[in-house]
Amino acid sequence: MSGAVLIVSGPSGAGKSTIIRSASCCIGEFYFSISTTTREPREGEQEGVDYYFVDKGSFEKEIEAGGFLEYALVHGNYYGTALEPVRRALKDGKLVIFDIDVQGHRIARKSLGRIVTSIFITPPTLSELKRRLESRASDDKETIRRRIESAEREIQDIGKYDFVIVNDELEKAVDSFVSIAKAARMKMGEDEIEEFVRKWRGR
Ligand code: 5GP
């Protein structure tokens, strides 16, 4: 494997997708990992673009078959990263970007080791997060309440991330993301380091 991994986490409403989309022009070739989920598609979401939408039975079968690099229960639904496309992208030397929750971050970091760079993206305060979620017309009160509850839990993991981006001004947040993604790409895995040292010694 010669690629690298950039894990992006943070509460819904932090602006993760907007930042990744805005930065995508400027970080070179990357593979955005499309997760599999058992939650219902939201309006406008497309199969194979936003997620692979499956039922609970198929998801659990895939768990048993060892098909996930990581998976977690988030807001009562399964979300997971399929192993195979990630393995392929890494083999092709790509930067693989994951938008996953804090549980996924813990697992992926353990299994992928030193090729991982991670970013936690958050609005400046909890009250700003509430304001942003409430101004999105798409979500009902219960959904907003659950998201805020998860955010309060997830913020406790912030210290486990390499970087924190406070999304106060979008342009600044995108600039920070671009810098981190460029650096993330340069990480070498253990095999790569071994190979480098062997060649460096001329053997
Ligand atoms: P949403 O339903 O708003 O698209 O996503 C809810 C949460 O699930 C977000 O925090 C998102 O980062 C997380 N998530 C999305 N895909 C995955 C995945 O494959 N694995 C894990 N662990 N979390 C995911």
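Preceding this paragraph is the structure being described.
Residues numbered from 1 in each chain as written. Predicted model: local features only at pLDDT ≥ 70, side-chain atom pairs only at ≥ 80, totals over all residues. Heavy atoms only, no water.

1. Quick look at the environment of Thr125
Here is step 1 of the chain: Secondary-structure assignment places Thr125 in the loop between strand E8 (116-122) and helix H5 (126-135).
Here is step 2 of the chain: Residue classification places Thr125 among the partly exposed residues on the basis of a relative accessible area of 41%.
Here is step 3 of the chain: The spatial distance from the C-alpha of Thr125 to the C-alpha of Val96 is 29 Å, given a sequence separation of 29 residues. (Helix = DSSP H or I, 4+ residues; strand = E, 2+ residues; numbered from the N terminus. Buried < 20%, exposed > 50% of the residue type's maximum accessible area, 1.4 Å probe, protein only.)

2. Observations concerning the packing of H5 against helix H6 (residues 141-154)
Here is step 1 of the chain: Their axes nearest at 10 Å, the elements H5 and H6 cross at an angle of 155°. As summarised for this structure, H5 and H6 are arranged roughly antiparallel, according to the angle between their axes. Remark: the crossing between H5 and H6 carries right-handed chirality. Side by side, H5 and H6 meet where Leu126, Leu129, Lys130, Leu133 and Glu134 of the first sit next to Ile144, Arg147, Ile148, Ala151 and Glu152 of the second.
Here is step 2 of the chain: Grouping the constituent residues of the contact of H5 with H6 by class yields six nonpolar, no polar and four charged. (Axes fitted to C-alpha atoms, helices over the stretch in contact; angles between N-to-C directions. Parallel < 35°, antiparallel > 145°, perpendicular 65-115°, else oblique. Left-handed = near helix turned anticlockwise from the far one by under 90°. Contact = heavy atoms within 4.5 Å. Nonpolar A, V, L, I, M, F, W, Y, C, P; charged D, E, K, R; others polar.)

3. Here we look at the pattern of salt bridges
Here is step 1 of the chain: Summed over all chains, the structure comprises 17 salt bridges.
Here is step 2 of the chain: The salt bridge involving Arg87 is made with Glu84; its shortest N-O contact spans 3.5 Å. Of this pair, Arg87 and Glu84 both sit in helix H3 (residues 83-91), three residues apart, which is roughly one turn of that helix.
Here is step 3 of the chain: Look at Glu84 and you get partly exposed, because its relative accessible area is 39%.
Here is step 4 of the chain: Of the charged contacts in the structure, one is a salt bridge between Glu195 and Lys199, with a shortest N-O distance of 3.3 Å. Taken together, the positions of Glu195 and Lys199, both in helix H8 (residues 190-200) and four residues apart, correspond to about one turn of that helix. (Salt bridge = Lys/Arg side-chain N within 4 Å of Asp/Glu carboxyl O.)

4. Some words on the side chain of Asp101
Here is step 1 of the chain: Along the chain, Asp101 falls in the loop between strand E7 (95-99) and helix H4 (102-112).
Here is step 2 of the chain: Notably, Asp101 is buried but unbridged: the nearest opposite-charge side chain belongs to Arg153, and the N-O separation is 7.2 Å.
Here is step 3 of the chain: Within the structure, the side chain of Asp101 is placed 2.8 Å from the side chain of Gln103, a separation counted as a polar contact.
Here is step 4 of the chain: Among residues more than four places away in sequence, those in contact with Asp101 are Ser9, Ala72, Val74, Glu154 and Tyr161. (Lys, Arg positive; Asp, Glu negative; His and termini not counted. Polar contact = N/O pair within 3.5 Å; in protein donor to acceptor, adjacent residues only side chain to side chain.)

5. Brief notes about the packing of helix H1 (residues 16-23) against helix H7 (residues 170-185)
Here is step 1 of the chain: Interhelical geometry of H1 versus H7 gives an angle of 65° and a closest axis separation of 9 Å. Crossing of H1 over H7 shows right-handed handedness. Residues Thr18, Ile19, Ile20, Ser22 and Ala23 of H1 form the contact with H7, whose participating residues are Leu170, Ala173, Val174, Phe177 and Val178.
Here is step 2 of the chain: Looking at side-chain class alone, the contact of H1 with H7 contains eight nonpolar, two polar and no charged residues.

6. A closer look at the site of the ligand
Here is step 1 of the chain: Within the structure, the ligand sits among 17 residues, and Ser35, Arg39, Tyr51, Tyr79 and Asp101 are positioned closest to it.
Here is step 2 of the chain: Within the side chain of Arg42, an N or O atom sits 2.8 Å from an oxygen atom of the ligand.
Here is step 3 of the chain: Between the ligand and Tyr51, the relevant distance is 2.5 Å, taken from an oxygen atom to a side-chain nitrogen or oxygen of the residue.
Here is step 4 of the chain: Structurally, the ligand is housed in the largest pocket. (Near = heavy atom within 4 Å. 1 Å grid on protein atoms, 1.4 Å probe; cavity = no way out; pocket = protein on both sides within 12 Å on 5 of 7 lines; lining within 4 Å. Sits in = over half its atoms within 2 Å of the grid points.)

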